[in-house]
Amino acid sequence: MPEPTPITIDQIERAARKLAELRPAYAHILTFYAGVFVAQEENKGEIALDPIQLSSETIAHRLQEELPLVEVSQLRFDTAAGASLITQICRLIATHGTEIRDSAEKIAEALDRREFEPQQLFQGLLEDQDAYLPTTADRIGVDRKHLAFIGYHSIQPAIELCAVQLATHLDSDVVRRRSGCPVCGSSPGLALLAHEGRRVLCCSFCRHQWRAPRVFCALCENTQAGQLHYFFSEEEKDLRVDVCDHCRQYLKSVDTRELTRPLFPPLEQVASLHLDMIAAEKGYASGIELNLES
Ligand SMILES: [Zn+2]
Ligand SMILES: [Zn+2]
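Conventions we followed
Residues numbered from 1 in each chain as written. Chains lettered and ligands numbered in written order. Predicted model: local features only at pLDDT ≥ 70, side-chain atom pairs only at ≥ 80, totals over all residues. Heavy atoms only, no water. Donors = N, O, S within 2.8 Å, 3.2 Å for Na, K, Ca; no water. Helix = DSSP H or I, 4+ residues; strand = E, 2+ residues; numbered from the N terminus. Buried < 20%, exposed > 50% of the residue type's maximum accessible area, 1.4 Å probe, protein only. Axes fitted to C-alpha atoms, helices over the stretch in contact; angles between N-to-C directions. Parallel < 35°, antiparallel > 145°, perpendicular 65-115°, else oblique. Left-handed = near helix turned anticlockwise from the far one by under 90°. Contact = heavy atoms within 4.5 Å. Salt bridge = Lys/Arg side-chain N within 4 Å of Asp/Glu carboxyl O. Pairing = 2+ DSSP bridges. Phe/Tyr/Trp six-rings, centres within 6.5 Å; stacked < 30°, edge-to-face > 60°. Lys NZ or Arg CZ within 6 Å of the ring centre and 35° of its normal. Tetrahedral: all angles 85-135°; square planar, octahedral: opposite > 155°, others 65-115°.

As for the coordination of the zinc ion (ligand 1)
For step 1, the next point in the chain: Those donors, Cys181 (SG), Cys184 (SG), Cys203 (SG) and Cys206 (SG), are the protein atoms that reach the zinc ion (ligand 1), and they lie 2.3 to 2.4 Å from it.
For step 2, the next point in the chain: Each donor residue of the zinc ion (ligand 1) belongs to the same chain, and together they define the spacing C-x2-C-x18-C-x2-C. With Cys184 in the loop between helix 8 (144–166) and strand 1 (188–193) and Cys203 in strand 2 (residues 199–203), this residue pair connects regions lying 19 residues apart in the sequence. Each member of the pair, Cys184 together with Cys203, is buried.

Observations regarding the packing of helix 4 (residues 79–96) against helix 8
Packed helices, taken two at a time, are described by their axes: the angle between them and the distance between them.
For step 1, the next point in the chain: Contact geometry for helix 4 and helix 8: axes closest at 8 Å, N-to-C directions at 130°. Considering their axes alone, helix 4 and helix 8 lie oblique with respect to each other. Pair helix 4 / helix 8 crosses with right-handed handedness. Residues Gly82, Leu85, Ile86, Ile89, Cys90 and Ile93 of helix 4 form the contact with helix 8, whose own contacting residues are Ile150, His153, Ser154 and Pro157.

Re the pattern of salt bridges
Charged atoms that come close allow side chains of opposite charge to pair.
For step 1, the next point in the chain: The final tally for this structure, using the stated rule, is 20 salt bridges.
For step 2, the next point in the chain: The residue Glu41 makes a salt bridge to Lys44 at a minimum N-O spacing of 2.9 Å.
For step 3, the next point in the chain: A salt bridge links Asp245 to Arg248; the nearest nitrogen and oxygen atoms lie 3.0 Å apart.
For step 4, the next point in the chain: Given the relative accessible area of 29%, Asp245 is considered partly exposed.
For step 5, the next point in the chain: Classification of Arg248 as partly exposed rests on a relative accessible area of 34%.
For step 6, the next point in the chain: Salt bridges sharing partners connect three or more residues here, namely Glu41, Lys44, Glu160 and Arg207.

Let's talk about the pairing of strand 1
For step 1, the next point in the chain: Extensive coverage of strand 1 is indicated by the burial of six of its six residues.
For step 2, the next point in the chain: Looking at chain direction, strand 1 and strand 2 are connected through five bridges and run antiparallel. When the bridges of strand 2 are listed, Leu193 appears paired with Arg199.
For step 3, the next point in the chain: Where strand 1 hands over to strand 2, the hairpin turn is made up of five residues, of which Glu196 adopts a positive phi near 60°.
For step 4, the next point in the chain: For strand 1 and strand 6 (residues 249–255), the ladder comprises three bridges, and the chain directions are parallel. By the bridge assignment, Leu193 is partnered in strand 6 with Asp255.

Things to note about the packing of aromatic side chains
For step 1, the next point in the chain: This structure, assessed with the given rule, holds seven aromatic pairs.
For step 2, the next point in the chain: With a centroid separation of 5.1 Å and 75° between ring planes, the pair formed by Phe32 and Tyr33 is classed as edge-to-face. In terms of burial, Phe32 and Tyr33 fall into one category: buried.
For step 3, the next point in the chain: A centroid spacing of 5.4 Å and a plane angle of 70° characterise the contact between Phe77 and Phe122, whose relative ring orientation is edge-to-face. On the criterion of sequence distance, the pair formed by Phe77 in the loop between helix 3 (56–64) and helix 4 and Phe122 in helix 6 (residues 118–126) is long-range, its members being 45 residues apart. As far as the burial class goes, Phe77 and Phe122 line up, both buried.
For step 4, the next point in the chain: Taken together, the aromatic side chains of Phe32, Tyr33, Phe37, Phe149 and Phe264 make up a single cluster linked through ring pairs.
For step 5, the next point in the chain: The ring of Tyr230 is capped by Arg240, whose NZ or CZ atom sits 3.8 Å from the centre of that ring.
For step 6, the next point in the chain: We note Lys282 situated over the ring of Phe231; from NZ or CZ to the ring centre the distance is 4.9 Å.

Focus on unusual backbone geometry
For step 1, the next point in the chain: A positive phi angle, near 55°, is found at Glu66, a position not held by glycine.
For step 2, the next point in the chain: Looking at where Glu66 falls in the secondary structure, it is placed in the loop between helix 3 and helix 4.

Thoughts on the coordination of the zinc ion (ligand 2)
For step 1, the next point in the chain: Coordination of the zinc ion (ligand 2) by the protein is provided by Cys217 (SG), Cys220 (SG), Cys244 (SG) and Cys247 (SG), with metal-donor distances spanning 2.3 to 2.4 Å.
For step 2, the next point in the chain: Here the zinc ion (ligand 2) binds four donor atoms, and the angle range of 107 to 112° at the metal identifies the geometry as tetrahedral.
For step 3, the next point in the chain: Along the chain, the residues that donate to the zinc ion (ligand 2) are spaced as C-x2-C-x23-C-x2-C. Of this pair, Cys217 sits in the loop between strand 3 (209–212) and strand 4 (228–233) while Cys244 sits in strand 5 (residues 236–244), and the two are 27 residues apart along the sequence. Like Cys244, Cys217 is buried.

Have a look at this one:
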């Protein structure tokens, strides 16, 4: 543990159905996201990537200093596979009519007219400082968050494949006492509580999973038990929100010990948006840089 269980398309669809039965208010949004996640799984077959080469000195140094193995900008994507996924995701958004439908239509049209290059969009997303994203969003008249959302989800399968390759340099039993993903340095998007008091964090960016201490803020590294609390609702005993009074941020947790549905963390994140609202009302901020729920 953690064992990044390879999930099948059938399991994603079953997990979405079970969650929708459990929380019917999410049925529509779960159908949409399940479509995106299934398309991402299928897209992996189209991706050709050279492995990210790190020297043994670099690996030893980064592990010693508890630094992430790479910067996000070192992750790779396959332009053709990403471009085909953009089209699919725009189509899914159009079918399911979420609030970003207008943006999706404009992005699909701009892509058809070759008004922007997917390769530059993907590169811009990985290189934080790049002005490409805001400039392009303004040029094609869409919200930059929507462009980032669609672009990120289109290269997510490649990012995940990079993370799987890089994770071969990590010992999955190590309990990490630093904030941030050991592969890419991004914040965790969800925590999983497992048997024998194990706590596993899921990266909000590359989906890598790693072990963390139980009494520990995974966002600011605070270990003061008096400043770390959680809340949950009586009706949903498998969900809770860990909050930190030091950094005033929160992280949602799923207790996997009693779970009877297949677990796919990105779906759990979607089907618990009510907890994000409660946390925000209580004055806690989300630690996720790229808000997947936009
Ligand atoms: Zn990561
Ligand atoms: Zn904190």
